[in-house]
Protein chains: 2
Amino acid sequence: MEFNRHDIARMIDSSIVRPEVDRAELERFAQSVKEYRYIGAHVLPYFVAELNELLSGDEDILIGTGIGFPFGNNRTEVKTLEARRALADGARELDMVINVSALLSRRLGYVTDEIKALKDIAGDRVLKVILEVHWLSDDDIKRGCQCVIQGGADFVKTATGHTPTGATPENIALLKSIVGDEVKIKASGGVRSLAGLLELYKLGARRFGVGAASAVSIMQECDAPPETGMEVR
Amino acid sequence: MEFNRHDIARMIDSSIVRPEVDRAELERFAQSVKEYRYIGAHVLPYFVAELNELLSGDEDILIGTGIGFPFGNNRTEVKTLEARRALADGARELDMVINVSALLSRRLGYVTDEIKALKDIAGDRVLKVILEVHWLSDDDIKRGCQCVIQGGADFVKTATGHTPTGATPENIALLKSIVGDEVKIKASGGVRSLAGLLELYKLGARRFGVGAASAVSIMQECDAPPETGMEVR
């Protein structure tokens, strides 16, 4: 398998989804996104409209944001309003956090219905569902994946990046064994190197949520790629 | 100064504001709250209605929840809907997270207006504003406090409990030097012992956000209080 630099960039959602990001950092992020041409650029909801303005004209960079981010335990009507507003502000992909409490309480109908409600709003646009696997047993992950599939989402995603674990090879392999080709897998929470990204790609991940600084260093690694089974030209 | 066990309980907002809380833990929490009779019992928005049911009849325990919790960088209209819904679900105090990005970007009018909008919804009920001091310089804290005062909130609060620092003596002393008696101070993020609580009380804090396990251990300490300038009967 061979990737070029651009292929790698087109699998990365670069993100600055931390509360302490200010306008100056948002502007630097937008510059970096324009330079490296990631497929996705993710900010918290407050900054979606401003990022959209900063990236105006860049149709092939998809602005994304978190819905119910990062805890997920909001009322469904709050999440749906947040989703509608994010789309109105210019978001083109939505990464919702599953209701972890409802999942752990085995309210799978509720969890599925919430995902459906968000997918109804997203329409043709991509909806990713963050499981926040750090809190989940393998069985919880299985149950969560069934909700994601039945809810009609496009991706299952490991983590918000705000828990200690997320995109481990074990988690990606587990997700792939559960979802097969029914939904895609986004690896996030711990993707910090090109070798790590490629390892997770082999295991089935097709999108990578990466913090802005790590995303830049991955792109720089593309110029001097590590030894792996895949080549980066 | 002398406090009895009940006085201490009536200064504590006991909380389980973590995403991985399930229904079983919610029920144990409700039992513990009924036993110790804290002034406040805080859960994430999803569980407010259920906690209200579990505590029905306990008029002197105030259910609280986080609004825009824990990052704060949501659109104002999302926060206001979340607040309305929380009150409808039975919340009697609202702990909103300030828009940290807006504060750091010096959009003080925006920050103040958002607090005002939430206070309009809270009405006679207590609105606390979480600054999340971990991300702020002393000057940012000063600016944030001015927004809290001008926005008409009832309390300024240090932290969500999800950052490394919060209720340090230095932070409480700084807040007190800024806000005087204009708003009250809620110390949260690191209050884990009776001695710690009493030290922050002396510095001006009048409410304490404490994780459920630490709240229980503080109540147990009241039976064998530490050596301090204050007595706990």
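Residues numbered from 1 in each chain as written. Chains lettered and ligands numbered in written order. Predicted model: local features only at pLDDT ≥ 70, side-chain atom pairs only at ≥ 80, totals over all residues. Heavy atoms only, no water.

What to know about the interface of chain B and chain A
- The interface of chain B with chain A comprises 35 residues on the first partner and 35 residues on the second.
- Carbon and sulfur atoms make up 58% of the area that chain B and chain A hide from each other, which totals about 3400 Å².
- The largest contributions to the chain B side of the interface with chain A come from Tyr46(B), Phe71(B) and Arg75(B), which together make up 25% of the buried area.
- Between the two partners, chain B and chain A, sit six salt bridges.
- Remark: the boundary between chain B and chain A carries 20 residue pairs in polar contact (both at pLDDT 80 or more).
- Looking at the side of chain B that touches chain A, the elements with two or more residues in it are helix H3 (48-54), helix H4 (76-89) and helix H5 (100-104) of chain B.
- With six residues, the top contributor of residues to the side of chain B that touches chain A is H4(B).
- Partitioning the side of chain B that touches chain A into residue classes produces 18 nonpolar, six polar and eleven charged. (Contact = heavy atoms within 4.5 Å. Buried area = accessible area lost by both parts, 1.4 Å probe. Salt bridge = Lys/Arg side-chain N within 4 Å of Asp/Glu carboxyl O. Polar contact = N/O pair within 3.5 Å; in protein donor to acceptor, adjacent residues only side chain to side chain. Helix = DSSP H or I, 4+ residues; strand = E, 2+ residues; numbered from the N terminus. Nonpolar A, V, L, I, M, F, W, Y, C, P; charged D, E, K, R; others polar.)

Quick look at the relation of the copies chain B and chain A
- Each copy of the sequence occupies a distinct position, and chain B is placed on chain A by a rotation of 180° and an axial shift of 0.0 Å, giving an RMSD of 0.0 Å. Such a combination of turn and shift is consistent with a two-fold rotation axis. Identified as the residue of chain B closest to the rotation axis by C-alpha distance is Val78(B), at 3.2 Å.
- Both copies contact each other with a shared surface, as 100% of the interface residues of chain B are interface residues in chain A too. (Least-squares fit on C-alpha atoms with pLDDT ≥ 70 in both.)

Describing the side chain of Ser105(A)
- Mapped onto the secondary structure, Ser105(A) falls in the loop between helix H5 (100-104) and helix H6 (108-122).
- With a relative accessible area of 18%, Ser105(A) lands in the buried category. (Buried < 20%, exposed > 50% of the residue type's maximum accessible area, 1.4 Å probe, protein only.)

Here's the deal with empty space enclosed by the protein
- Counted by the stated rule, this structure contains one cavity of 30 Å³ or more.
- By volume, the largest cavity is sized at about 90 Å³.
- For the largest cavity, the lining is made up of 14 residues, of which Phe69(A), Asn74(A), Gly68(B), Phe69(B) and Asn74(B) are closest to its centre.
- Where the lining of the largest cavity is concerned, the elements lending two or more residues are helix H4 (76-89) of chain A together with H4 of chain B.
- Counted by class, the lining of the largest cavity contains six nonpolar, six polar and two charged residues. (1 Å grid on protein atoms, 1.4 Å probe; cavity = no way out; pocket = protein on both sides within 12 Å on 5 of 7 lines; lining within 4 Å. Points joined across faces, edges and corners; volume = space filled by probe spheres on them.)

Considerations on the pattern of salt bridges
- Following the criterion strictly, the structure yields 49 salt bridges over all chains and no others.
- Between Asp95(A) and Lys128(A) there is a salt bridge, with its nearest N and O atoms 3.0 Å apart. One end of the pair, Asp95(A), is in strand S5 (residues 93-97); the other, Lys128(A), is in strand S6 (residues 126-130), and 33 residues separate them in sequence.
- With relative accessibility at 0%, the residue Lys128(A) sits in the buried group.
- For Glu27(B), the salt bridge identified is with Arg23(B), shortest N-O distance 2.6 Å. Of this pair, Glu27(B) and Arg23(B) both sit in helix H2 (residues 23-36), four residues apart, which is roughly one turn of that helix.

Concerning helix H9 (residues 194-203) of chain A
Residue and element names in this part refer to chain A.
- For H9, the full list of buried residues reads Leu194, Leu197, Leu198, Leu200 and Tyr201. End-on view of H9: buried residues confined to an arc of 165°, all on one side of the axis.
- At the exit of H9 stands Gly204, carrying a positive phi of roughly 125°. (Arc of directions from axis to C-beta.)

Section: the sheet that holds S5(A)
All names here are of chain A.
- An order of S2-S3-S4-S5-S6-S7-S8-S9 is seen for the eight strands of this closed barrel, with the pairing classed as parallel. Adjacent strand axes in the sheet meet at a mean angle of 25°, parallel and antiparallel pairs treated alike.
- Where strand S3 (residues 40-43) lies against strand S4 (residues 62-67), four bridges are found, and the strand directions are parallel. The partner of His42 across the bridge, within S4, is Gly64.
- In the packing of H4 onto the sheet, the strands contacted are S4 and S5, and the crossing angle to S4 comes to about 165°. (Pairing = 2+ DSSP bridges. Axes fitted to C-alpha atoms, helices over the stretch in contact; angles between N-to-C directions.)

Observations concerning the packing of aromatic side chains
- Overall, the coordinates contain ten aromatic pairs over all chains when judged by the stated rule.
- Ring centres of Tyr46(A) and Phe47(A) lie 5.0 Å apart, and the angle between their planes is 45°; this geometry places the pair in the tilted category.
- Among the residues examined, Tyr46(A) registers a relative accessible area of 4% and is labelled buried.
- Overall, the relative accessible area of 4% leaves Phe47(A) in the buried class.
- An aromatic cluster is defined as three or more aromatic residues linked by ring pairs; in this entry it consists of Tyr46(A), Phe47(A) and Tyr110(B). (Phe/Tyr/Trp six-rings, centres within 6.5 Å; stacked < 30°, edge-to-face > 60°.)

Here's the deal with H4(B)
- When the terminal C-alpha atoms of H4(B) are compared, their 20 Å separation across 14 residues agrees well with the 20 Å that a helix rising 1.5 Å per residue should span.
- Of the residues making up H4(B), those classed as buried are Val78(B), Lys79(B), Thr80(B), Glu82(B), Ala83(B), Ala86(B), Leu87(B) and Asp89(B).
- Where H4(B) is buried, its residues meet H4 of chain A together with H3, strand S4 (62-67), strand S5 (93-97) and helix H6 (108-122) of chain B.
- At the C-terminal side of H4(B), Gly90(B) shows a positive phi close to 120°. (Expected span 1.5 Å × (residues − 1).)

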